[in-house]
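Descriptive analysis of the structure
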Amino acid sequence: MIKFITSLKLIFKNSILKISKNVIWLLGLNIFIAGSQFSAYAIISRNLGKEYLGVWALVIATTTIGQISSFGFSSGLIRYIPELLVNNRKSELSKMVSTVNFSNLLISLPVLFILFFPAKLYAKHLLDTQYYHVFELSIVWVMIGMFINNLFSAYSAIFDGFQKFYTRCIIQISGWVIFLIGIIILMPKFGLQGVAIAFLLQSIWQYFMAVIILIQQKIIKNPFSIYFDKKSFKLISSFGLKSQSISVLVIFFDPVIKYFITKNLGLTATANFELSNKIVLQVRNLLASANQVLIPKFVLHKKNYTHRSYFEKVMKKNLVISITLGVFICLISPFMNVFLLNRFDKDLMVCIILINFGWVCNMITSVHYNASIGLDKLNKLIIVHLIYAVTAIVGYLILQQFSHLKTLFYFVPALSLFLGSLYNSFSLSKVLPSSSSWLKSGLFLFFTLMSFGVILIPFSSITKAVLIVSLFSIIYCMIIWLKYRKNILKEFV
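All right, on to the overall build of the protein chain then. In terms of helices and strands, the protein chain carries 19 helices and zero strands. Here the protein chain, with 493 residues, has 54% of them falling under the buried criterion. Taking the contacts inside the protein chain whose residues are at least 6 apart along the sequence as the reference set, 81% of them involve residues at least 24 apart.

Written as structure tokens, this is what we have:
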């Protein structure tokens, strides 16, 4: 035991030394966002009720559609700023930023306004008059916040392009603090509308903080500059629209799931899905942030013809980390249940376990996803996201005849993510022969057994739930220790 603890300490110490300042801040930001979102959900659920949390989930789902209005213009900045700096063409940066500002005002704003009406129609089909009125009041504030976020995204892209991720993270963390304070102050008086106003205040704060820092650090002369440069627009729009085609598929996945769940099971079930999805996604985002560094490495290894060996090495480590995170989510699911609802809800825990299984498959194949980008296989990623959407729609159209089967409605998004992960693996088999080996891994098979075992074993109280997940977690720790006890430092450091 002492040797094991010593090994863990050495792993932690060496890992921290290897992580850059930017990565640490990115991980910190994701952790802070997770804590802030869970705190906000707990406040809404405990003070307004689970139904209003379901309404807020629909507001968030609807506003994700509004992200289309950005057209990926800011993504173009991230792509071209490093190139401008390397080629000593910093003077062109102001033109590019001004063009993005121009595009946000004359293109993004009208599109966002147009999307406001189908968003209301989307909610009107799902909510009764009382809840629809609350939705309608909230969505106005959130849509305005979305537009300001589009403006802010251009400036956050500048920080990323200059490799100042930590500055952007500090701004966003302060924004989430404003959001939480706003909820606490405004929700008692304005209800759910107060949460929406707090979101708007967060957006305004982040925007002006970014502008002030850009001016102080003299990164660009005039952040408010607005004019159209044809050359800059061609660059940012060509790159942005390519990335946006994938983003559109990602964006529509969440509203589709929530539409069918709300229509067939009601707002309480929608709240269960929203809470479950957020719990798992916040943990997943930690791994996604760290894996962002893989794309340029795959490009480099492709040139040196070492991408196969590099992929196999990274995939093995990623598999262990992904499964471990999945087991961790299973272990904390009963406690998160009580924290968010102030009571134990079996339906919520079952939903967490199922959604967790789907996203763990997605985490395992996140290396495949980044490899596809680095190896110029973007078309495969579009198909992956099409599989997500098509599986969800077809699955729910079939399940509409069996609305009493709640668990299956939570299973559909997990199945969509699993099938997308399968395609993501097998589609790379010619380029990377070991891409599907994770399916035969003992760790993945055990995690599958654990996930569905927890669901199938009867339990009705938090005590029994904790005992079940704890037993599986202890077995998993024993498997990991037996598998890696001899070379744990070599595997993870």
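Once the structure has been displayed, the description carries forward.
Once that is clear, we can look at the environment of Ile-383. Position of Ile-383 relative to the elements: it lies in helix α15 (residues 378-399). Sequence separation of Ile-383 and Asn-424 is 41 residues, and the distance between their C-alpha atoms is 8.7 Å.

Another aspect to go through is a nonpolar patch on the surface. A cluster of nonpolar side chains, contributed by Leu-105, Leu-106, Ile-107 and Leu-109, occupies part of the molecular surface with about 300 Å² of accessible area. Among the secondary structure elements, Leu-109 is positioned in helix α5 (residues 91-124). Residue Leu-109 is classed as partly exposed on the basis of its relative accessible area of 36%.

Scanning the model with the defined rule gives one cavity of 30 Å³ or more in all. Here the largest cavity defines a volume of roughly 30 Å³. As for the largest cavity, its lining consists of Phe-253, Phe-273, Asn-277, Ile-355, Trp-359, Pro-413 and Leu-417. Broken down by secondary-structure element, the contributors of at least two residues to the lining of the largest cavity are α10 (267-291), α13 (346-364) and α16 (406-426). Partitioning the lining of the largest cavity into residue classes produces six nonpolar, one polar and no charged.

Attention now goes to the nonpolar core. Among the nonpolar cores identified, the biggest contains 129 residues, and Trp-56, Leu-127, Phe-135 and Ile-323 are the most heavily contacted of them. Looking at this core element by element, the count peaks at 15 residues for helix α6 (residues 129-161). Core analysis: the next-biggest nonpolar cluster, separate from the first, contains 10 residues, Phe-298, Val-314, Leu-375 and Leu-428 among them.

Time to look at the side chain of Ser-333. Along the chain, Ser-333 turns up in helix α12 (residues 307-341). There is a polar contact of 2.7 Å between the side chain of Ser-333 and the backbone oxygen of Cys-330.

Criteria and thresholds
- Position numbers for residues count from 1 along each chain, tracking the sequence in the order it is written.
- Per-residue local features of the predicted model are confined to residues with pLDDT of at least 70, and side-chain atom pairs are confined, for both listing and counting, to 80 or more; whole-chain, interface and lining totals are unaffected and use all residues.
- Based on all heavy atoms of the structure, the side-chain values leave hydrogens and waters out of the count.
- Comment: elements are numbered from the N terminus, with helices defined as DSSP H or I runs of at least four residues and strands as E runs of at least two.
- Exposed residues in this analysis have more than 50% of their type's maximum accessible area, buried residues have under 20%, and partly exposed residues fall in between, with area computed by a 1.4 Å probe over protein chains only.
- Residue contacts are defined here by distance: any two heavy atoms, one from each residue, within 4.5 Å place the two residues in contact.
- Exposure above 30% relative accessible area and the absence of a salt bridge qualify a residue for a patch, where like charges join within 9 Å and nonpolar side chains (Val, Leu, Ile, Met, Phe, Trp, Tyr) within 5 Å.
- The Shrake-Rupley method, run with a 1.4 Å probe sphere, supplies the accessible areas, and residue values consider only the shown protein chains as cover.
- We count a salt bridge whenever a side-chain nitrogen from Lys or Arg sits within 4 Å of a carboxyl oxygen from Asp or Glu.
- Only protein atoms enter the calculation, which uses a 1 Å grid: trapped sets of points that fit a 1.4 Å probe without letting it out are cavities, open sets showing protein on both sides within 12 Å along at least five of seven lines are pockets, and any residue with an atom within 4 Å of a point is a lining residue.
- Grid points are joined across faces, edges and corners, and a volume is the space filled by probe spheres set on the points.
- As a working rule, the residues Ala, Val, Leu, Ile, Met, Phe, Trp, Tyr, Cys and Pro are called nonpolar, Asp, Glu, Lys and Arg charged, and the rest polar, with Gly in that last group.
- Definition used in this section: a nonpolar core is a set of buried Ala, Val, Leu, Ile, Met, Phe, Trp, Tyr and Cys residues joined via side-chain atoms within 4.5 Å.
- The definition of a polar contact used here is a pair of N or O atoms within 3.5 Å, where within protein one atom must be able to donate a hydrogen and the other to accept one, and adjacent residues in sequence count solely through side-chain atom pairs.

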